[in-house]
Amino acid sequence: MTTNLMEDAPSAQTEIFLAHYRKVFARRRWSFLLPCCVIGLAGAVAAYVWPLKYQSDSLILIEQQKVPSQYVKPNVVSDLQSRLDTMTQQILSRTRLQKLIEDFHLYAGERNKETMDDLVDKMRGNIFVQPVQIPGRQDQLTAFHISYISRSPDTAQRVTNELTSLFIEYNLRTRAEDSASTTAFLRTELQAAADELSTQEHRLQDFKMKNLGALPEQFEANLQVMASLESQLQAVTNELQRAEQQKVYLISIRSEYEAIGRAAGGRGMLVAGTDGTHRSSDLANAEATLRDLKKRYESLTGQYTSEFPDVITTKKEIAHWESVVADLKTAAAKSPASPSPSPAQGPAPDPGVSPAIADATSHLKAIDLEIAAQKRDQMMLQKQIALMQDRLKETPLLEQQFAEISRDCDNARLNYQSLLQKQQQSELATQLEQRQQGEQFRVLDPAKRPDKAMPPNRLQIVLIGWVLGVIGGFGWVVLREFLDSTIRGKSDLELRTQVPILACIPTHLNSVQERRRIRRSRLELAVGVLLVLIVIGSGIGSMLRA
Amino acid sequence: MAAGEWGGTLKRIFQNGNGSHAEQPRTARNGRGQPEDGAVQPTFADNFCDATVSRGVLTASTGPESMVFSRSDTRGPADESLRLLAHRLQRIRERRPMKTLVVTSASPKEGKTVVAVNLAATLAANSGRVALIDGDLRCAYVAGVLGVPVLPGFAECLEEEQSVEENLLPVSPLSFDLLQAGAAKRNPAELLQGPRLKEVAMTLGSKYDWIVIDTPPLTPFVDAQCLAAAADAVIVVVRAGHTSRDSVARTLESLKDVYVAGIVLNGADAEHSPYYKYYSQYRSNGALAAAAVSNGGRAGHD
Ligand SMILES: Nc1ncnc2c1ncn2[C@@H]1O[C@H](COP(=O)(O)OP(=O)(O)O)[C@@H](O)[C@H]1O
Ligand SMILES: [Mg+2]
């Protein structure tokens, strides 16, 4: 026995511990039971008078437009969340809610106690619009809940249904309206753009007309024309030179013939005379040509080697012309020219002149004509070239203006085209909305009549009351025990005094006291059970209240 | 049930389980313990007139209905604790001579009277000559605890009207002599501060081995201080769940001029210790053994 007792010291320890608490509890049973019952009863009463609230809820699906959006781009593409927010604001407006309150006879009890504004605020607090978030796709809104909390389940359902239809109707109407107004706006914009475009086009036209030929787009062509004109001029000049050489040659030939004729006949005075004048002018011409050639030669040799074909030909020509000048000089020395020019009537063919001379003369005449014609051509070409040069000089200036005008015109055209496209799209989208084929709200779950009240329901309140009662009872016991300053037992006393404790006399009850104690404890038990039953019964009663 | 009976019943229910002073003598007197009938409160005069003293011996009621639990034939936890108290006092006396013990406490209702009576009974059972004096001249209750008629006693002795010897009556079956409080005509404090106290103490001291004196509470009366000064040792009673910690300290402080033999913790339920379990097992084993002895023969046959 004794050994067994010593072995299980830890369990004995816990036994002492438990016994201590059992004793405290037995002593403080009423300190526990009374607050416990009072709080429990209070919980039951609270549960009984607690206004039950019912929440009805409907789920609305946001249906995407039926025609794929790559075919018809929707006109109303603002963020669904923000649209839902504005919609909520609109629908929960004071006037609308007031109408709902009046139609459904909501808050009948508070009607005469509170102002309409308070009621509207109250109702707003009882309406919840909550988007359904798809986990992982926070930005996408595909459905939302509408719910309303009311004291009566039927009202909750009816008001929720009404709110749901308000939302759907509002969405449909505002979408169609928004879409139509977008289209109308685009239409006026398009008109403005068309006007602008035609103005710009006219401006461009005028500019082109005014600066025809000098337009930058004609620059290349002008350059080509210029080149061809220059080559033509070159050709004409060459031709002119050749003709003049020929003329010089013919003149020299004729004068030779005349010299021969004078030598042969004596009638070459006139010819000589004329020939003399001719010869001096010819000499001057030839010398000028020779000077020119020499100059050219110098410039050429400055640039090219002696093998360069131009250098070679120029050299040959110089040689030719040197011989011609020498001939002319010798000829002039032979017949010294009279300083006063004879009154020659022109080289009219002399019937007495030899056919060779006549031939040369006629040749000369033809050459002269040719030279005149060539000179005319040259003049004309030079004029044209000058004109072209003017134009080409003007072109860069014009180019800037032209670029400006044509840019304006292009912009106007682009603007017009994009507006046109948009307007057409918008027209299509509006038609879609009007045929109710666009994005739509569809009721997925219509509002149900809630068959359970919102938490906390009466059961929960009663249970909370019980739990709080037990906690309160324990708290009160602990408090009483803590505040109790009486001596509790031997160890307690030992701690406080040095005086020896001679004995501890346990409570002794005589038979009368014992009987009284038993009776008393029975009564206590009965009262306690009765109290607990009252608490439990009232709790159950409260729970069962409809 | 009549309304009056209801009132009486309810009154008893809500009265402290320790009982009232006035009721005890009546319960003891009819001896059957029927407090239900007691709607009439018995008075001091009642008891005095009814008192019957047969040949100078008081017969105490020591049955289960009394608060006297320290008899040689009982064996409960309460009388074991009193035996321990008596033993400890004997041990103290081996070291220092003492004969007169004053039982006191800070306030009323702590169990001074009950402890004094039971201590006297236990000491008497152990070692012969013991006297119990009811020194509570203000609210005497020793007679009530013992269930004996109220007689003149200590107060009369102090007033020099009667001798100590003629009022010291033996109490059967507890074998100690009792000097009751009596009825003081003057202020008890005055009586106790007078010269007679010493004489009475001397007279008693020569005749008895132990003299146990019950006293009124230390506050607000001076009586207990006077008695303590005249005695050899003081026993302080502390009632568990009743006496506050401060009052214990104050009491001990006020008794620092006299010898305090120790504290008796009254009404303390046995502290839980492994030995408590052992103790209860020991007791139940004893009961089992007794049962086995009584029907041992039959058990052997089966
Ligand atoms: N150990 C005890 N067990 C049960 N009751 C007790 C005990 N001690 C005292 N009492 C009761 O307490 C009450 C007061 O006791 P009492 O001795 O008259 O106190 P005091 O003399 O200190 O005023 C009495 O009714 C008595 O029965
Ligand atoms: Mg007393």
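Residues numbered from 1 in each chain as written. Chains lettered and ligands numbered in written order. Predicted model: local features only at pLDDT ≥ 70, side-chain atom pairs only at ≥ 80, totals over all residues. Heavy atoms only, no water.

1. Considerations on the overall build of chain A
Looking only at helices and strands, chain A features 14 helices and 5 strands. By residue count, 33% of the 546 residues in chain A fall in the buried class. Taking the contacts inside chain A whose residues are at least 6 apart along the sequence as the reference set, 79% of them involve residues at least 24 apart. A total accessible area of about 33200 Å² is found for chain A, and carbon and sulfur atoms account for 59% of it. (Helix = DSSP H or I, 4+ residues; strand = E, 2+ residues; numbered from the N terminus. Buried < 20%, exposed > 50% of the residue type's maximum accessible area, 1.4 Å probe, protein only. Contact = heavy atoms within 4.5 Å. Areas by Shrake-Rupley, 256 points an atom, 1.4 Å probe, with all protein chains shown as cover.)

2. Concerning the pattern of salt bridges
Applying the stated criterion across every chain, the model contains 37 salt bridges over all chains. In this structure, the salt-bridge partner of D410 of chain A is R413 of chain A, at a minimum N-O distance of 3.2 Å. Of this pair, D410 of chain A and R413 of chain A both sit in helix α11 (residues 355-434), 3 residues apart, which is roughly one turn of that helix. Overall, R413 of chain A belongs to the partly exposed group, its relative accessible area being 30%. Linking D79 of chain B and R83 of chain B is a salt bridge whose minimum nitrogen-to-oxygen distance equals 3.8 Å. With a gap of 4 residues between them, D79 of chain B and R83 of chain B both fall in helix α4 (residues 77-95), about one helical turn apart. A relative accessible area of 26% means that R83 of chain B is categorised as partly exposed. Among the charged side chains, a salt-bridge network with shared partners connects R27, R28, E481, D484 and R488 of chain A. (Salt bridge = Lys/Arg side-chain N within 4 Å of Asp/Glu carboxyl O.)

3. Focus on the sheet that holds strand β7 (residues 233-239) of chain B
With mixed pairing, the 9 strands of this open sheet are ordered in space as β5(A)-β8(B)-β7(B)-β2(B)-β6(B)-β3(B)-β5(B)-β4(B)-β1(B). Of all strands in the sheet, those with a lone pairing partner are β5 (501-505) of chain A together with β1 (58-59) of chain B, marking the two edges. Two strands pair when backbone bridges link them, and strand β3 (residues 130-134) of chain B and strand β6 (residues 210-214) of chain B are joined in this way by 5 bridges, in the parallel orientation. Note that in β6 of chain B the partner of A131 of chain B across the bridge is I211 of chain B. Its contacts with the sheet place helix α11 (residues 223-230) of chain B against β2 (100-104), β6 and β7 of chain B, and it is angled at close to 160° to β2 of chain B. (Pairing = 2+ DSSP bridges. Axes fitted to C-alpha atoms, helices over the stretch in contact; angles between N-to-C directions.)

4. A closer look at the packing of helix α5 (residues 94-104) of chain A against helix α7 (residues 153-210) of chain A
Residues and elements named next belong to chain A. One way to put it is that α5 packs onto α7 with a least axis distance of 12 Å and a crossing angle of 145°. α7 is crossed by α5, and the crossing has right-handed handedness. Note on element contacts: α7 touches α5 through R158, V159, E162, L163, L166, Y170 and R173, opposite R96, L100 and F104. Along the lines of polarity and charge, the residues of the contact of α5 with α7 split into 6 nonpolar, no polar and 4 charged. (Left-handed = near helix turned anticlockwise from the far one by under 90°. Nonpolar A, V, L, I, M, F, W, Y, C, P; charged D, E, K, R; others polar.)

5. Side note on α5 of chain A
For the α-helix, the turn length of 3.6 residues means that residues three or four positions removed from each other point alike. All names here are of chain A. Buried within α5 we find L97, L100, I101 and F104. Buried residues of α5 fall within an arc of 100° about the axis and therefore sit on the same side. Of the exposed residues in α5, the ones pointing more than 90 degrees away from its buried face are T95 and K99. Buried residues belonging to α5 abut α4 (80-91), α6 (116-126), β2 (127-134) and α7. (Arc of directions from axis to C-beta.)

6. Looking at the packing of aromatic side chains
Under the criterion given, the structure shown has 7 aromatic pairs over all chains. Pairing F144 of chain A with F441 of chain A gives two aromatic rings, centres 5.2 Å apart and planes at 70°, and the pair type is edge-to-face. In this pair, F144 of chain A sits in strand β3 (residues 137-150) while F441 of chain A sits in strand β4 (residues 440-445), placing the two residues 297 residues apart along the sequence. Grouped by ring-pair contacts, the aromatic residues F25, F32 and F474 of chain A constitute a single cluster. Stacked on the ring of Y48 of chain A, the Lys or Arg R545 of chain A has its end atom at 4.7 Å from the ring centre. When the ring centre of W210 of chain B is taken as reference, the NZ or CZ atom of R93 of chain B above it lies at 3.8 Å. (Phe/Tyr/Trp six-rings, centres within 6.5 Å; stacked < 30°, edge-to-face > 60°. Lys NZ or Arg CZ within 6 Å of the ring centre and 35° of its normal.)

7. Considering the nonpolar core
If you look at the biggest cluster of nonpolar residues, it comprises 48 residues, and the most contacted ones within it are L89, L101, L119, L132, L146, F176 and L178 of chain B. The element that contributes the greatest number of residues to this core is helix α5 (residues 112-127) of chain B, accounting for 9 residues. In terms of nonpolar packing, the next biggest core, distinct from the first, is built from 41 residues, I501 of chain A together with L192, V234 and V238 of chain B among them. (Core = buried A, V, L, I, M, F, W, Y, C linked by side-chain atoms within 4.5 Å.)

8. Describing the environment of E404 of chain A
Residue and element names in this part refer to chain A. Along the chain, E404 falls in helix α11. With a relative accessible area of 41%, E404 lands in the partly exposed category. Residues E404 and L204, 200 residues apart in the sequence, show an inter-C-alpha distance of 9.6 Å.

On their own, these measurements won't tell you what the molecule is for.
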